[in-house]
Amino acid sequence: MSDSKLKEATRQYAIRLGDDALVLGHRLSEWCSNGPFLEEDLALTNVALDFIGRARMFYSYAAELAADGSTEDTYAYTRDCREFSNLLIHELPRGDFAFSMARQYLVDVYNLAYMEALRTSADGTLAAIADKAVKESRYHLRRSHDWMLRLGDGTDESRQRLQRAVDELWGYTPELFASDALEQGLADAGIGVDAATLRAAWEQAVSATLAEATLQQPAGDWEVSGGRRGLHTESLGHMLSELQFMQRAYPGLQW
Amino acid sequence: MSDHMKLFEVFIRSRRGLDHKHVGSLHAEDAQQALEYARDVYTRRSEGVSIWVVNSSDIVASQEGDCESFYDPLDDKPYRHATHYQLPEEVNNM
């Protein structure tokens, strides 16, 4: 890849990672004031803030690479569904507490490995963002792993709810490890992460936790993808209408 | 849910060299979870370098009614008080 092509690819890559973080962060933020009890409410909101902070770093870097006057807000608030490139698992409605925790666990295992790999990126900014993200993800995973065991190996109802959540989420997990020409090119250049290389370790870790939590591993007989290409579930539009409302109603609003 | 959970007291040491100070309490299922929540509830603005959590039921407290017998006899022994010393500037945090 030529330098300018590589730069544009890096920009798009930063947007993808920013979209993942913003969309998941927003879903988590929906628990604010709705948590099962005060302490967990605060903890969930902390995690949400970590992801929103992560989104800001990736978007700011994309804006810097674009050098066209855009800012982090341009990416967060003025793009429509088809321009969002987050992985689908992040946009699914928060569901019940078991669903949110199951999703969190599945993506935390992934994120930790992903950010550990991105730390060695040839791109200094991406590596620095990843370095910060790794510390957060370690903490996120400790929490979500703990909840998997508490709910899975808890009461009949908590176990049932968690099993149902894992079943509903499972078909969205293969997309985590897919890659396209853009990501392949960046991986070859030592800038991006080849997610396929993370799959075996992810499956091993998740299987072990499911077993420990006395849950059944789903059969894996269906899968959905399309997020990286802007093909989303119906819930993303509803989420964006809330997330973007102020900037849509009052463009350029400052406060 | 928090009705069924245990109460823990949280102590935080804000800087190296200082003592752990009681900052409040929280509910959690067990000590490990209490430690996690203490981090979220009480150290959000980087207040701490070390956290202790203690089962509230493990704390034995003096009673209001015992004040007379506990503390009053000390009032007429001023020679035990360290009030007559001038502390050098360099001695902080006493």
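The residue count restarts for each chain, going from 1 along the sequence in the order it is written. Lettering of chains starts at A and numbering of ligands starts at 1, both following the order in which they are written. Local features are withheld for residues below a pLDDT of 70 in this predicted model, meaning they are given only at 70 or higher, and side-chain atom pairs are given and counted only at 80 or more; totals for whole chains, interfaces and linings count all residues.

Describing the overall build of chain A
(1) Moving on: The helix and strand inventory of chain A stands at 10 helices and zero strands.
(2) Moving on: Secondary structure elements follow DSSP: runs of H or I no shorter than four residues count as helices, runs of E no shorter than two count as strands, and numbering proceeds from the N terminus. Of the regular secondary structure in chain A, the N- to C-terminal order runs α-α-α-α-α-α-α-α-α-α.
(3) Moving on: Our radius of gyration looks at C-alpha atoms and nothing else; its globule reference is 2.2 Å times the residue count to the power 0.38. Against the 2.2 N^0.38 benchmark of 18 Å for 255 residues, chain A shows a C-alpha radius of gyration of 18 Å, consistent with a compact globule.
(4) Moving on: Taking the principal axes of its C-alpha atoms as reference, chain A extends roughly 55 × 40 × 30 Å.
(5) Moving on: Here the contact rule is simple: place C-beta atoms from the backbone, and any two residues whose C-beta atoms are within 7 Å are in contact. Long-range contacts, defined here as pairs at least 24 residues apart, represent 74% of the contacts in chain A between residues at least 6 apart.

Observations concerning the nonpolar core
(1) Moving on: One finds Ala14, Phe58, Ala62, Met101 and Ala102 of chain A together with Leu26 of chain B to be the most contacted residues of the largest nonpolar core, which totals 73 residues.
(2) Moving on: Dropping the residues within four chain positions of it, Leu26 of chain B is found in contact with Glu39 of chain A together with Phe8, Val10, Ala34, Tyr37, Ala38 and Val41 of chain B. For our purposes the nonpolar core covers buried Ala, Val, Leu, Ile, Met, Phe, Trp, Tyr and Cys residues that link as a set through C-beta atoms within 7 Å. Around each residue's C-beta, the other C-beta atoms within 10 Å are counted; 20 or more make the residue buried, 12 or fewer make it exposed, and counts in between make it partly exposed. All C-beta atoms are placed from the backbone.

A closer look at the interface of chain B and chain A
(1) Moving on: Each partner contributes to the interface: chain B provides 10 residues, whereas chain A provides eight residues.
(2) Moving on: Of all the elements in the fold, those that place two or more residues in the side of chain B that touches chain A are strand S2 (21-28) and helix H1 (31-42) of chain B.
(3) Moving on: Sort the elements by how many residues they give to the side of chain B that touches chain A and H1 of chain B lands first, with four residues.
(4) Moving on: Here the term charged refers only to Asp, Glu, Lys and Arg, the term nonpolar to Ala, Val, Leu, Ile, Met, Phe, Trp, Tyr, Cys and Pro, and the term polar to all other amino acids, Gly among them. Residue composition of the side of chain B that touches chain A, by class: five nonpolar, two polar and three charged.

Things to note about unusual backbone geometry
All names here are of chain A.
(1) Moving on: Of note, Ser33 is a non-glycine position whose phi angle comes to about 75°, a positive value.
(2) Moving on: Residue placement: Ser33 occurs in the loop between helix H1 (3-29) and helix H2 (38-66).
(3) Moving on: The residue Thr214 is not glycine, and still its phi comes out positive at about 60°.
(4) Moving on: The residue Thr214 is located in the loop between helix H8 (199-212) and helix H9 (235-243) in this model.

Quick word on the packing of helix H4 (residues 97-118) of chain A against H8 of chain A
Axes are the key here: two packed helices are described by the angle between their axes and the distance separating the axes.
Residue and element names in this part refer to chain A.
(1) Moving on: In this analysis an axis means a line fitted to C-alpha atoms, helices contributing only their contacting stretch, and an angle means the value between N-to-C directions, from 0 to 180 degrees. The geometry of H4 relative to H8 is characterised by a closest axis approach of 10 Å and an angle of 140° between their N-to-C directions. Where H4 crosses over H8, the handedness of that crossing is right-handed. On H8, the residues that touch Leu106, Val109, Tyr110 and Ala113 of H4 are Ala201, Trp202, Ala205 and Val206.
(2) Moving on: Class assignment for the residues of the contact of H4 with H8 results in eight nonpolar, no polar and no charged. By the definition used in this description, the sense in which the near helix is turned from the far one sets the handedness, with an anticlockwise turn below a right angle giving left-handed and a clockwise turn giving right-handed.

Let's talk about the sheet that holds strand S3 (residues 50-55) of chain B
Residues and elements named next belong to chain B.
(1) Moving on: Only strands that DSSP links by at least two bridges are regarded as paired with each other. Strand order in the open sheet formed by three strands is S2-S1-S3, and the pairing between neighbours is antiparallel. With partners counted over all chains shown, the strands left at the sheet margins are S2 and S3, one partner each. The sheet shows a mean angle of 30° between the axes of neighbouring strands, taken without regard to direction.
(2) Moving on: As judged from the seven bridges shared by strand S1 (residues 6-13) and S2, these two strands associate in the antiparallel manner. Bridging across to S2, Phe11 finds its partner in His22.
(3) Moving on: Strands S1, S2 and S3 of the sheet are contacted by H1, whose axis makes an angle of about 120° with S2.

Details of H4 of chain A
(1) Moving on: Taking 1.5 Å of rise per residue, 22 residues should cover 32 Å, and H4 of chain A covers 30 Å from first to last C-alpha, within 8% of that figure.
(2) Moving on: In terms of residue burial, H4 of chain A counts as a mostly covered element, since 19 of its 22 residues are buried. Expected helix span is taken as 1.5 Å per residue step, with the number of steps being one fewer than the number of residues.

As for the environment of Glu36 of chain B
(1) Moving on: When you line up the elements, Glu36 of chain B lands in helix H1.
(2) Moving on: The exposure class of Glu36 of chain B is buried, given the 20 C-beta atoms found within 10 Å.

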